[in-house]
Amino acid sequence: MKYKWDTIGHQKQLVQLEKEIQDKNIVHAYLFSGPKDVGKFRIARMFANILQCPNDFCHNCDDCKLIQSGAHPDTIVMADKGETIKIDQVRELIHKTNLTSQGKRRIILIENIERMPIEAQNSFLKILEEPPGDTVFILTSTQVNQVLPTTKSRTRRYFFHNIEDSVIKQYLEEKYGSNSDIEEIIQIAQGRPGFAINLMNKPVLLTEQRNVYNQIDFFLKKNDIARKFMLVDELDKDSKQMEVFFDAFSRYLRKQLYVYLSEKDNSLKSRYSLKEIVELFESLEKTRYLIDRNTNKKLALENFFLQTEK
Ligand SMILES: [Zn+2]
């Protein structure tokens, strides 16, 4: 690898990107898609930096420093802080992009382009079709099914995937030394290095994961639909919490499937057959799929919890 990308995994994609840089085969729009927290936006930022640095990504020049601090005059960065991108912001972005950049390359970096509602995406499409001068859009997406096909077709696409546990483990051990939480964190992170690093750095996040996991264990071992529906109400109001819930539940059932046959005293065994656990797992995935597609969250979750009652 020629450049120091400072990221975990994705060797194949990085080699390809480096080849494009080498061959000066840069197109005006890229779309990096893949699961959350696998490093797409980090790579997008590095890519922008390589393209903006006049000294071959030296890490030291003013351009490099300005990009890393988010203050580069010809690089617009719209990081995802959980907000949608309104049509007015797209109009402002189009206006800024059209301003002269004194012969320099302008780079627009947008994290999770699906944050633009359809109306805003349609407006954005105009500038994507005819970008002024030397403009490069680097877009990322976690839910690429919510990106307009017309947007996708105007970009060069890169697909990112979950990273193998062993690769993340090696990185964590090198960075943090041996730590008794690493095994558990890798299980929780499920191939997302950004998430694993977050869990290492913020113990409160790890505690939260453990609490939800224990709650799920408690819920599966008894009938208590009233309390389960109370949780549904909480999750319905908090999409971050909803994500933690789905991650933990999926991890829980996955583990149960593996230990079901081997452990003699498995308290779930007396309650569910192996087939029923498989069905719960499938139902959980389906519920998540429906919620991602903006179905009535509360109803979908209530239906799911009804299946945990006996
Ligand atoms: Zn530089």
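Source: prediction; values computed, not measured.

Visitor: Would you mind going over helix α10 (residues 203-220) in detail, with residue names and values included?
Guide: For α10, built from 18 residues, the straight-helix expectation of 26 Å at 1.5 Å per residue is met to within 8% by its first-to-last C-alpha distance of 26 Å. Along α10, the residues classified as buried are Leu 206, Gln 209, Val 212, Tyr 213, Ile 216, Phe 219 and Leu 220. Along the long axis of α10, the arc covered by the buried residues comes to 150 degrees, so they all point the same way. The outward face of α10, more than 90 degrees from its buried face, is lined by the exposed residues Pro 203 and Val 204. Buried residues along α10 sit in contact with α8 (182-189), α9 (193-201), α11 (225-237), α12 (239-259), α13 (274-292) and α14 (297-306).

Visitor: Help me get a handle on the sheet that holds strand β1 (residues 29-33), residues and values and all.
Guide: Strand order in the open sheet formed by five strands is β2-β3-β4-β1-β5, and the pairing between neighbours is parallel. Only two strands of the sheet have a single partner each, and these edge strands are β2 (75-78) and β5 (156-159). Between one strand axis and the next, the sheet turns through 15 degrees on average, direction left out of account. The pairing of β2 with strand β3 (residues 106-110) spans four bridges and is classified as parallel. Within β3, the position partnered with Val 77 by the bridge is Leu 109. Set on the sheet, helix α2 (residues 40-52) makes contact with β1, β2, β3 and β4 (135-141); between it and β3 the angle comes to about 175 degrees. Against the sheet, helix α4 (residues 87-98) engages β2, β3 and β4, with an angle of about 160 degrees to β3.

The rules behind these values
- Residues numbered from 1 in each chain as written.
- Predicted model: local features only at pLDDT ≥ 70, side-chain atom pairs only at ≥ 80, totals over all residues.
- Heavy atoms only, no water.
- Helix = DSSP H or I, 4+ residues; strand = E, 2+ residues; numbered from the N terminus.
- Expected span 1.5 Å × (residues − 1).
- Buried < 20%, exposed > 50% of the residue type's maximum accessible area, 1.4 Å probe, protein only.
- Arc of directions from axis to C-beta.
- Contact = heavy atoms within 4.5 Å.
- Pairing = 2+ DSSP bridges.
- Axes fitted to C-alpha atoms, helices over the stretch in contact; angles between N-to-C directions.

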